[in-house]
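Next come the chains, spelled out residue by residue.
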Amino acid sequence: MWKLILAFVLFAALALWVVSKGGNQLDMGGEKHGSEAHEGAPAASEAASMAQPAPAASEAASAASN
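Heads up: these notes are all about the structure in this document.

### Section: a nonpolar patch on the surface
Among the surface-exposed residues, M1, L4, I5, F8 and V9 lie close enough to one another that they form a single nonpolar patch of about 600 Å² accessible area. Mapped onto the secondary structure, M1 falls in the segment before α1 (2–22). Its relative accessible area of 73% is what places M1 among the exposed residues.

This is the structure in structure tokens:
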């Protein structure tokens, strides 16, 4: 029983440490709906477009596989 209590105390301490390191960037609001949900969308789509290979590279790769 004492091991469970110790594990809970350690987990709680770790959780508090992580939350304190998050500072003002931490959002505990849950799912977002409406206007505030779309604020990060342009940055996410930019990152996704940067991760995709260039069209010429994908055409060369498909030609090489045939």
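### Some words on α1
An ideal rise of 1.5 Å per residue puts 30 Å on 21 residues; α1 measures up with 30 Å between its terminal C-alpha atoms. Following α1 by one or two positions, G23 has its phi on the positive side, about 60°.

Rules and cut-offs
Just so you know, the residues in each chain are numbered from 1, in the order the chain's sequence is written. Given that the model is predicted, a residue must reach a pLDDT of at least 70 before its local features are reported, and side-chain atom pairs must reach 80 or more before they are shown or counted; all residues, however, enter totals for whole chains, interfaces and linings. Hydrogens and water molecules were not included; the side-chain quantities draw on all heavy atoms of the structure. Residues enter a patch when their relative accessible area is above 30% and they make no salt bridge; the linking distance is 9 Å between like charges and 5 Å between nonpolar side chains (Val, Leu, Ile, Met, Phe, Trp, Tyr). Accessible surface is estimated by sampling points in the Shrake-Rupley manner with a 1.4 Å probe; for residues, cover comes only from the protein chains shown. Whenever Lys or Arg places a side-chain nitrogen within 4 Å of a carboxyl oxygen from Asp or Glu, that contact is recorded as a salt bridge. Put simply, DSSP marks the helices as runs of H or I at least four residues long and the strands as runs of E at least two long, and each gets a number from the N terminus on. Three exposure classes are used, based on accessible area relative to the maximum for each residue type with a 1.4 Å probe and protein chains only: buried under 20%, partly exposed in between, and exposed over 50%. Here, expected helix span is obtained from the residue count minus one, scaled by 1.5 Å.

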